[in-house]
Amino acid sequence: RGPRCMNDVGMYSEEDKDISIDDLRIKAIRPLMPSACLIDEVPGDAAIYDGICAARSAVSRAVRGEDDRLLVVVGPAAVHDPAAT
């Protein structure tokens, strides 16, 4: 067992209780750029905005029950590797 595993009764041992498991992989925290600034720096073309409008309309229809598809919202999300998206 590793130092962060629960024992057989589902409890952490006394020696494990002081081990922090939060934020182990965070190297730095930087504030997000405001979306208005991002839009100015990386403007989209008409196809991008058309896609965004279509997606928003589809979500709106699903929320109102006008579309019987299942809407699943997952997040928060961050793109760490843009090439993998």
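Residues numbered from 1 in each chain as written. Predicted model: local features only at pLDDT ≥ 70, side-chain atom pairs only at ≥ 80, totals over all residues. Heavy atoms only, no water.

Asks: Is there a simple way to explain the pattern of salt bridges in this structure?
Replies: As a working rule, side chains carrying opposite charge can pair if their charged atoms are close by. Across all of its chains, the model carries 2 salt bridges by this definition. Across the salt bridge formed by Glu66 and Arg64, the nearest N and O atoms sit 2.7 Å from each other. Taken individually, Glu66 and Arg64 each receive the classification exposed, so the pair is uniform in this respect. The salt bridge involving Asp67 is made with Arg69; its shortest N-O contact spans 2.7 Å. Classification of Arg69 as exposed rests on a relative accessible area of 53%. (Salt bridge = Lys/Arg side-chain N within 4 Å of Asp/Glu carboxyl O. Buried < 20%, exposed > 50% of the residue type's maximum accessible area, 1.4 Å probe, protein only.)

Asks: Can you walk me through the confidence of the model for the chain in this structure?
Replies: Low pLDDT marks regions whose predicted coordinates should not be analysed in detail. Predicted confidence across the chain gives a mean pLDDT of 76, with 65% of residues reaching 70 or more. Confidence over residues 1-7 falls short of pLDDT 50; this stretch has 14 contacts with residues more than four positions distant or in other chains. (pLDDT = per-residue confidence, 0-100. Contact = heavy atoms within 4.5 Å.)

Asks: What's the story with the side chain of Asp67 in this structure? I'm lost.
Replies: Assignment of secondary structure puts Asp67 in the segment after helix H2 (46-64). Overall, Asp67 belongs to the buried group, its relative accessible area being 14%. One polar contact links Asp67 to Arg69, side chain to side chain, over a distance of 2.7 Å. (Helix = DSSP H or I, 4+ residues; strand = E, 2+ residues; numbered from the N terminus. Polar contact = N/O pair within 3.5 Å; in protein donor to acceptor, adjacent residues only side chain to side chain.)

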